[in-house]
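# Per-entry structural report
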Amino acid sequence: MDVIHWGYYNRFKKLSTIQMSRCCVCEKYSECIIERWGSWFYLQFIPFWLAAKGYLFTWKDCGHSMGMDDRSAVMRYKEEHVDTELFVVPPCNQLKPLELERPTPFNLKNILILSSMVLIIAFAIYWALVLAPR
Ligand SMILES: [Zn+2]
């Protein structure tokens, strides 16, 4: 685990799920999860700038993913499908394989935030039950 936490990290946000969609890689039908991703440059837990962004389409059963990162395609998809919430899986020839690393939820940042929150809540309960003037 890095103590000096800097570099590029991908962030994902799930936007929608398409019920039946044909995988562009293996052609099996399954649910397709649509996510927005962004590659952020972090310096000591703080996201500084967005280096790249796009959309990722992941088929649930086979786990294959295809994505888009081309600026004009991303903008068009945002205008036509994200802003309108009419989500579709684009034709396979508009997508390409993207290898996007997913950060684990149990990184140093989350552990620090979680443990300090637990301490604050524990102290608040202790204060309310024991220390508070009656
Ligand atoms: Zn597949």
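Scroll up to find the structure.
Residues numbered from 1 in each chain as written. Predicted model: local features only at pLDDT ≥ 70, side-chain atom pairs only at ≥ 80, totals over all residues.

## Observations concerning the overall build of the chain
A tally of regular secondary structure across the chain gives 2 helices and 4 strands. Helices (α) and strands (β) of the chain occur, in sequence order from the N terminus, as β-β-β-β-α-α. For the chain, the proportion of its 134 residues judged to be buried stands at 11%. Counting contacts in the chain only where the partners sit at least 6 residues apart, residues at least 24 apart contribute 55% of the total. (Helix = DSSP H or I, 4+ residues; strand = E, 2+ residues; numbered from the N terminus. Buried ≥ 20, exposed ≤ 12 C-beta atoms within 10 Å, placed from the backbone. Contact = placed C-beta atoms within 7 Å.)

## A short note on unusual backbone geometry
Located in the positive-phi region is Glu27, a residue other than glycine, with phi close to 70 degrees. Looking at where Glu27 falls in the secondary structure, it is placed in the loop between β1 (6-22) and β2 (29-43). Residue classification places Glu27 among the exposed residues on the basis of 11 C-beta atoms within 10 Å. One non-glycine residue, Glu85, adopts positive backbone phi at about 60 degrees. Among the secondary structure elements, Glu85 is positioned in the loop between α1 (71-82) and α2 (108-131).

## Points about the pairing of strand β3 (residues 46-59)
Here 12 bridges tie β2 to β3, and the two strands are oriented antiparallel to one another. What sits directly across from Gly38, in β3, is Lys53. Bridge count for β3 against strand β4 (residues 65-68) is 4 bridges, and the pairing is antiparallel. Each bridged residue has a counterpart across the sheet, and for Leu56 the counterpart in β4 is Gly67. Hairpin connection, β3 to β4: the antiparallel pair is bridged by 5 residues, and Gly63 has positive phi, about 80 degrees. (Pairing = 2+ DSSP bridges.)

## Observations regarding the nonpolar core
With 12 residues, the main nonpolar core is built from Cys23, Cys24, Cys32, Ile34, Trp37, Tyr55, Leu56, Phe57, Trp59, Met66, Met68 and Tyr77. If you list the elements that add at least two residues to this core, you get β2, β3 and β4. With 4 residues, β3 is the largest single contributor of residues to this core. Not counting residues up to four positions away in its chain, the partners in contact with Leu56 are Glu35, Trp37, Ser65, Gly67, Leu98 and Leu100. (Core = buried A, V, L, I, M, F, W, Y, C linked by C-beta atoms within 7 Å.)

## Overview of the environment of His64
Mapped onto the elements, His64 comes out in the loop between β3 and β4. Assessed through the 18 C-beta atoms surrounding it within 10 Å, His64 is described here as partly exposed. Setting aside chain neighbours within four positions, we find His64 in contact with Cys23, Val25, Cys26 and Trp59.

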